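This is what each chain is made of:
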Amino acid sequence: MTIDEIMEKADYGYSREDDLKKVLKLTCEAVEIDPTDIRPWDLMGVALFEVGENEESLNCYEKILELEPENEDAKLKKGQMLNELGNFDEASSIYDELIESNSSRKDEAILAKLTLTLETGNEKLFRETLTICNETIEKEDSKLLKDEIGFILSMHEVMPNMK
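Bear in mind the structure is a predicted one, so any value in this text is a computation, not a measurement.

So, the environment of L145
Item 1. Tracing the backbone shows L145 in helix α9 (residues 143–158).
Item 2. Given the relative accessible area of 0%, L145 is considered buried.
Item 3. Sequence separation of L145 and Y61 is 84 residues, and the distance between their C-alpha atoms is 25 Å.
Item 4. Leaving out residues up to four positions away in the same chain, L145 has contacts with D107, I110, L111, C133, T136 and I137.

A closer look at the layout of surface pockets
Item 1. Looking at the largest pocket, its volume works out to about 180 Å³.
Item 2. Taken together, 13 residues form the lining of the largest pocket, with F49, K77, Q80, M81 and E84 sitting closest to its centre.
Item 3. Of all elements in the fold, only α3 (38–50), α5 (72–84) and α7 (106–120) reach the threshold of two or more residues within the lining of the largest pocket.
Item 4. Residue contributions to the lining of the largest pocket peak at five residues, all from α5.
Item 5. In terms of residue class, the lining of the largest pocket is made up of six nonpolar, three polar and four charged.

Things to note about the confidence of the model for the chain
Item 1. In this model, the chain carries an average pLDDT of 93, and 97% of its residues clear a pLDDT of 70 or more.
Item 2. When mean pLDDT is compared element by element in the chain, helix α4 (residues 54–67) scores highest at 97, while α9 scores lowest at 90.

Things to note about α7
What sets the pattern is the α-helix's 3.6 residues per turn: residues three or four places apart point alike.
Item 1. For α7, with 15 residues, the first-to-last C-alpha span of 21 Å sits near the 21 Å given by 1.5 Å per residue.
Item 2. Within α7, eleven of the 15 residues are buried, which leaves it mostly tucked inside the rest of the structure.
Item 3. Of all the residues in α7, the buried ones are K106, D107, A109, I110, L111, A112, K113, L114, L116, T117 and L118.
Item 4. Looking at the buried residues of α7, the elements they touch are α5, α6 (88–100), α8 (123–140) and α9.
Item 5. Within two residues after α7, G121 carries a phi angle of roughly 75°, on the positive side.

Some points on the pattern of salt bridges
Item 1. Under the definition given, this model contains 17 salt bridges.
Item 2. As a salt-bridge pair, R127 and E123 come within 2.9 Å of each other at their nearest N and O atoms. On the criterion of helical spacing, the pair formed by R127 and E123 is a turn pair, its members being four residues apart in helix α8.
Item 3. Each of D42, D73, K77, R105 and E108 takes part in one network of salt bridges that share partners.

What to know about the packing of α6 against α7
Item 1. Viewed as axis vectors pointing N to C, α6 and α7 meet at an angle of 155°, and their least axial separation amounts to 8 Å. By the angle class used here, α6 and α7 are roughly antiparallel. As for how α6 packs across α7, the hand of that crossing is left-handed. Here α6 contributes F88, A91, S92, Y95, D96, L98 and I99 to the contact with α7, which in turn contributes K106, A109, I110, A112, K113, L116, E119 and T120.
Item 2. When the residues that make up the contact of α6 with α7 are grouped by side-chain class, the tally is nine nonpolar, two polar and four charged.

Criteria and cut-off values
- Residues numbered from 1 in each chain as written.
- Predicted model: local features only at pLDDT ≥ 70, side-chain atom pairs only at ≥ 80, totals over all residues.
- Heavy atoms only, no water.
- Helix = DSSP H or I, 4+ residues; strand = E, 2+ residues; numbered from the N terminus.
- Buried < 20%, exposed > 50% of the residue type's maximum accessible area, 1.4 Å probe, protein only.
- Contact = heavy atoms within 4.5 Å.
- 1 Å grid on protein atoms, 1.4 Å probe; cavity = no way out; pocket = protein on both sides within 12 Å on 5 of 7 lines; lining within 4 Å.
- Points joined across faces, edges and corners; volume = space filled by probe spheres on them.
- Nonpolar A, V, L, I, M, F, W, Y, C, P; charged D, E, K, R; others polar.
- pLDDT = per-residue confidence, 0-100.
- Expected span 1.5 Å × (residues − 1).
- Salt bridge = Lys/Arg side-chain N within 4 Å of Asp/Glu carboxyl O.
- Axes fitted to C-alpha atoms, helices over the stretch in contact; angles between N-to-C directions.
- Parallel < 35°, antiparallel > 145°, perpendicular 65-115°, else oblique.
- Left-handed = near helix turned anticlockwise from the far one by under 90°.

In structure tokens, the structure reads:
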């Protein structure tokens, strides 16, 4: 089987919420065929996250970034994995880089950073990030941020460690 055929089966299995072990087996096969193709690393990272293997998932995104250092999707996912693992400062730095560079994943990075501030209870950082969020909504008319900000604000209100 070619890497494209393997990835098609893995993608199909994942989209059907099939057995994630099967998806992981297929992505490992694909990596053996071509370890420089980022597609299996990415799907493997997602599947590993879903089975609770956050360290291994992080390793997948680090591998993608070795292959493509400017891959914004992998940077965002790496930040999310670092956040899951409690490495908040490192995750925040990645989000800042995506926000400041005006990347294609800027809006997602803003939301991820707002979520991080809720998790850490850092009110000052929440306010700073909220300002960036509101400026982005105003200047760029971000539908994603408009859709999500209400939920973030309601979570902020009910968080006991905030305010």
